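# Residue-level structure breakdown
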Amino acid sequence: MKFSIKLVLSTMIVLALALGFSGFYFVNNVFETSLDREVGQALDESSILSFAFETAALNVPLKYSVMPDSVVEEIASKLEMGGQGGGRLLRIADEEKNILYTSGGFTADEGLLPQTDQHTKSYRVICAQDRFYVHTCVSINALNRILYLETMKDVTEVFTERALGFSLYRKVTVVMLLTGMVIMLLIASLLTKPIRLLTKATREMAAGDYTYRARQISRDELGQLTGDFNKMANALEENICKLEEEIEAREEFMGAFAHELKTPLTAIIGYADMLRSHKLDEEKSIMSANYIYTEGKRLEAMSFRLLDIIVAKQDEARLQETSVGELFAYLQEMFTEKKETDIRFSHEEAVVWMEANLIKTVLVNLIDNACKASETGGGSGDTGSDTVGVVEVTGQTVENGYRIAVKDYGIGIPEAEQSKIVKAFYMVDKSRARSKNGAGLGLALCAEILKIHHSELQIESREGEGSCFSFILAPCGCKD
Ligand code: ADP
């Protein structure tokens, strides 16, 4: 059953109970008040009649010392006739409760008379022949005789009014319940709208539409739930996007990896086949063996790089306070032999948190790339060197750490390629990169190493003018 229907039904049950009880209490209260009034009137009337009887007894001729039955009947018949509309319903009994006079239509049973004595005045509400009466009984002291006067007052109207009241209230209750049900259906529909919107959003998301959001139409708890649901949906969408990107990157990586393997392997297999199936002269044999060797070496270098990347991805950097001076001295010594490029080192002395070996790998890669980019088409900018390309390696303290930059005046990188070159196996100019033993893995490795140093590679480059690769390391005293 729908939640809104449950809500309506439960409200209706409460409403029906409330209306039923209040209606019963109200109608019954009115009835009891009316009946009390009628009983009071009946008792008053009975007192007046007994007083009238006693007054009439005073006029009985003096010859009687005790009121005879005939005079009782005479007075009773006069009292009966004196009633409104002709006849009163009354009955007279003597001291022994023997009936002396009964008016026509008096139908009360004998129950009340035996209970009444000289000192009491009693009454009962009785039903006789489908009508209701107040039956009273009082004693009369008339001319040395104790008599009992019973009267019957018709109160059927009070009972009829009660039945009418109940019937009217039932109709009013039914109308109110029906109207209430229509209003409650509207209210329930409005109240449960956020739930319906949330259900729709859940179904849309389950069907794969992660961008679908539930409309927030209230500020109450349901509105809050919708807001929280949307936040959860945002987080879910973000994670799914990330996962999709990761899967895409992995597929791209696998494709590029397979491609990079294929080129050297095709060459190796081709030359090996030539060596085993033809009798080659010495020069050709040496050339073939040489190809196999260099392509094999390329594969070996590539697998080492890949291993380095995997290790860097999984590793936690073991950061140590390292003097920048030592790092620069190492690099300077390493590149002294490189005569084709003028590598200029300059740095501000500082102690920085890093894993020195890994940062050396990053800088060796960046300097290597800068040298390669400066070799052809490269210039020296306004550096004053006309013959060889110039690469500047600088280190300086900046606001948020220590910045190391490798700047060249080489071929530069087209703007559209700049965001892609850190991807594994990505090379701007594949044939040029391969001719220089590149496989597009160097910058991917640098990015992974910098990630575990909580840093990232900044690339500024202009095609034909040169590039600057830089990163910032945390200063001492700040490991994270
Ligand atoms: P590779 O082994 O090919 O050098 P990298 O990941 O180090 O691989 O570099 C990816 C590509 O980025 C290179 O093939 C080259 O096209 C481009 N690149 C890297 N550094 C520079 C630079 N300083 N100037 C111009 N292009 C560069």
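## Remarks on the overall build of the protein chain
Broken down by element type, the protein chain carries twelve helices and twelve strands. In the protein chain, which comprises 480 residues, the proportion classed as buried is 38%. For the protein chain, contacts bridging at least 24 residues in sequence account for 64% of all contacts bridging at least 6. Roughly 28700 Å² of accessible area belongs to the protein chain as shown, and the carbon and sulfur atoms make up 56% of that amount. In the protein chain, 51 side chains carry a positive charge and 69 a negative one; their mean positions are 4 Å apart.

## Comments concerning the packing of helix α7 (residues 282-314) against helix α12 (residues 442-452)
The N-to-C vectors of α7 and α12 enclose an angle of 20°; their axes lie 9 Å apart at closest approach. Classified by the angle between their axes, α7 and α12 sit roughly parallel to one another. The way α7 lies across α12 gives a crossing that is left-handed. Along its contact with α7, which presents Arg305, Asp308, Ile309, Ala312 and Lys313, the element α12 presents Gly442, Ala444, Leu445, Glu448, Ile449 and Ile452.

## Re the sheet that holds strand β2 (residues 99-102)
Strands sit in the order β2-β1-β5-β4-β3 across an open sheet of five strands; the sheet is antiparallel. Each end of this open sheet is capped by a strand with a single partner; those strands are β2 and β3 (122-128). Going from strand to strand, the sheet's axes swing by 20° on average, the running direction of each strand aside. Of the strand pairs in this sheet, strand β1 (residues 90-93) and strand β5 (residues 145-154) are connected by four bridges, and their pairing is antiparallel. Residue pairing across strands places Leu90 opposite Thr151, the latter belonging to β5. The strands touched by helix α1 (residues 3-57) within the sheet are β1, β3, β4 (131-142) and β5, with β4 carrying the most contacts at an inclination of about 30°.

## Overview of the site of the ligand
The local shell around the ligand holds 20 residues, among which Asn369, Asp408, Val428, Gly440 and Leu443 are the closest. Gly440 is positioned with one of its backbone polar atoms (N or O) 3.2 Å from an oxygen atom of the ligand. Note that an oxygen atom of the ligand is positioned 2.8 Å from one of the backbone N or O atoms of Leu443. Summarising the interface, the protein chains cover 92% of the accessible area of the ligand, which totals 530 Å² for the free molecule. When the residues that make up the shell around the ligand are grouped by side-chain class, the tally is twelve nonpolar, six polar and two charged.

## So, the sheet that holds strand β12 (residues 466-473)
Strands pair in a sheet through their backbones, by hydrogen bonds, and they do so in one of two ways: parallel or antiparallel. Strands sit in the order β7-β9-β10-β12-β11 across an open sheet of five strands; the sheet is mixed. Looking along the sheet, the strands with just one partner apiece sit at the ends: β7 (341-347) and β11 (458-462). The mean inter-strand angle of the sheet, taken between neighbouring strand axes irrespective of direction, is 15°. The pairing of strand β9 (residues 389-398) with strand β10 (residues 401-408) spans eight bridges and is classified as antiparallel. Looking at β10, one finds that Val393 is bridged to Val406.

Thresholds, definitions, all that
Residues numbered from 1 in each chain as written. Predicted model: local features only at pLDDT ≥ 70, side-chain atom pairs only at ≥ 80, totals over all residues. Heavy atoms only, no water. Helix = DSSP H or I, 4+ residues; strand = E, 2+ residues; numbered from the N terminus. Buried < 20%, exposed > 50% of the residue type's maximum accessible area, 1.4 Å probe, protein only. Contact = heavy atoms within 4.5 Å. Areas by Shrake-Rupley, 256 points an atom, 1.4 Å probe, with all protein chains shown as cover. Lys, Arg positive; Asp, Glu negative; His and termini not counted. Charge placed at Lys NZ, Arg CZ, Asp CG, Glu CD. Axes fitted to C-alpha atoms, helices over the stretch in contact; angles between N-to-C directions. Parallel < 35°, antiparallel > 145°, perpendicular 65-115°, else oblique. Left-handed = near helix turned anticlockwise from the far one by under 90°. Pairing = 2+ DSSP bridges. Near = heavy atom within 4 Å. Polar contact = N/O pair within 3.5 Å; in protein donor to acceptor, adjacent residues only side chain to side chain. Nonpolar A, V, L, I, M, F, W, Y, C, P; charged D, E, K, R; others polar.

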